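What follows is each chain in one-letter form.
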Amino acid sequence: MSKLYIPDIYESILGERETEHAIMAIKDFFQNELSSELNLTRVTAPLFVPSGTGLNDNLNGIEVPVSFDVKDLGGQRMEIVHSLAKWKRVKVSKMGLLPDFGIYTDMNAIRPDEELDNIHSLYVDQWDWEMAIDENDRTVMHLKEVVEKIYRCLKRVEFFIYDRWDKIKPFLPQKITFLYADDLQRKYPELTPKQREYEVCRKYGAVFIIGIGGKLPDGTIHDGRSPDYDDWISETGDGHRGLNGDLLVWNPVLQNSFEISSMGIRVNAESLHAQLAERECLDRENLPFHRSLLDGKLELTMGGGIGQSRLCMFLLRKAHIGEIQVSMWSDEDRELCRKHGINLL
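Reading the values: rules and limits
Residues numbered from 1 in each chain as written. Predicted model: local features only at pLDDT ≥ 70, side-chain atom pairs only at ≥ 80, totals over all residues. Heavy atoms only, no water. Phe/Tyr/Trp six-rings, centres within 6.5 Å; stacked < 30°, edge-to-face > 60°. Helix = DSSP H or I, 4+ residues; strand = E, 2+ residues; numbered from the N terminus. Buried < 20%, exposed > 50% of the residue type's maximum accessible area, 1.4 Å probe, protein only. Lys NZ or Arg CZ within 6 Å of the ring centre and 35° of its normal. Pairing = 2+ DSSP bridges. UniProt positions renumbered as here; feature names shortened; annotations may be inferred. Salt bridge = Lys/Arg side-chain N within 4 Å of Asp/Glu carboxyl O.

## A few points about the packing of aromatic side chains
Step number 1: Applying the stated criterion across every chain yields a total of 6 aromatic pairs.
Step number 2: Ring geometry for Phe 30 versus Trp 127: centroids 5.0 Å apart, planes at 45°, classification tilted. Residue Phe 30 is found in helix 1 (residues 16-38), and its partner Trp 127 is found in strand 6 (residues 123-132); the two are separated by 97 residues along the sequence.
Step number 3: On the basis of relative accessible area, Phe 30 is assigned to the buried category, the value being 0%.
Step number 4: Relative accessible area serves as the criterion here: at 0%, Trp 127 is assigned to the buried category.
Step number 5: Judged by centre distance (5.3 Å) and plane angle (75°), the rings of Tyr 198 and Trp 250 are edge-to-face. With a gap of 52 residues between them, Tyr 198 in helix 5 (residues 193-204) and Trp 250 in strand 9 (residues 244-251) connect regions that are remote in the sequence.
Step number 6: Overall, Tyr 198 belongs to the partly exposed group, its relative accessible area being 25%.
Step number 7: According to the relative accessible area criterion, Trp 250 is buried, its value standing at 8%.
Step number 8: Geometry around Phe 258 places Arg 310 over its ring, the cationic atom sitting 5.8 Å from the centre.

Encoded structure:
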């Protein structure tokens, strides 16, 4: 059964050619803003990494990466990346960057286990970024400061689009609201995490939910997060846990919450061990990436990913991510979109 949401009345503001021009303009403008705001240098990134190193993102631990054997390397197994969450930390460490300086890159991934709908595709493209920090910056206050910088970039690119295509009106609130996942669970105990996101995004317009991956008061988690990059177990000092989160906005086309970015302060040796223990996967400590981290060979960092197609989709008021990127969809979904004026590329 199709999981598509079809707006009651929908007409794309921009035609296909204008859309392509706008996508290029958004990507060029936003990455320059992000680079300047966070002191990030662009680097080249891999499409695949060796299997068995612990470098690939395990996501929720159940997704199977696309993999292949390399004939000329003796049949060595490679995996298409799910994201560059851990690779970036190795890169920052090798570059020896000072605190508050970092890198960003274009990350392209294939996630064959995705459930396809308006915002989920087999093909994932995002700006992956990572910066070095020092021990004193492993705080929720510093996390919020960086989130506010990223949100300023979103506001500027929103005006950039309005200045060129004035039919696309600015929508984002002036400030982003910070919330904790455990507080939301206490406030809305009868709702699912996605329903909680709906309520707060509709109310505030733009939110950052802190503490994604750790156990909530009722023993559940707000959303899945791998135990070996974001720190979701450390105490924040104000009665909460978690030094990571998701940036979400209210999407007026889909009439729903809309995740644009996931980010956080990364694990140190102590929190890595604790999170691996909680998820019952301490065997990962023997993998090369995890061993390097536990042995103190990797820099302290924070980082995240910002969806490129997601951002363009939101800013251009599109109803489907397939209006921004080329991917694969069922014949049923293609026909349903066609009937309702949704032009899949």
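Now that the structure has been shown, we can carry on.
## What to know about the pairing of strand 8 (residues 206-210)
Step number 1: Buried residues dominate strand 8, accounting for 5 of its 5 residues.
Step number 2: Both faces of strand 8 are covered, namely the face carrying Ala 206, Phe 208 and Ile 210 and the face carrying Val 207 and Ile 209.
Step number 3: Bridge analysis of strand 7 (residues 177-180) against strand 8 gives 4 bridges, and the strand direction is parallel. For Tyr 180, the partnering residue across the bridge sits in strand 8 and is Ile 210.
Step number 4: Of the pairings in the sheet, the one linking strand 8 to strand 9 comprises 5 bridges and is antiparallel in character. Bridging across to strand 9, Ala 206 finds its partner in Val 249.

## Topic: the UniProt feature "domain: Aminoacyl-transfer RNA synthetases class-II family profile" (unreviewed entry) in the protein chain
Step number 1: As recorded in UniProt, the feature "domain: Aminoacyl-transfer RNA synthetases class-II family profile" (unreviewed entry) lies at residues 101-339.
Step number 2: Across residues 101-339, the secondary structure splits into 33% helix and 22% strand, with the terminal C-alpha atoms separated by 48 Å.

## Description of the pattern of salt bridges
Step number 1: One pass over the structure, following the stated rule, counts 26 salt bridges.
Step number 2: One salt bridge in this structure joins Glu 199 and Arg 202, with 2.9 Å as the shortest N-O distance. Highlighted residues: Glu 199 and Arg 202, both in helix 5, separated by 3 residues, approximately one helical turn.
Step number 3: Between Arg 291 and Asp 295 there is a salt bridge, and its shortest N-O distance comes to 3.5 Å.
Step number 4: On the basis of relative accessible area, Asp 295 is assigned to the partly exposed category, the value being 43%.
Step number 5: If you follow the salt bridges from partner to partner, you end up with Lys 88, Asp 128, Glu 130, Arg 225, Asp 230, Asp 246 and Arg 266 in one network.

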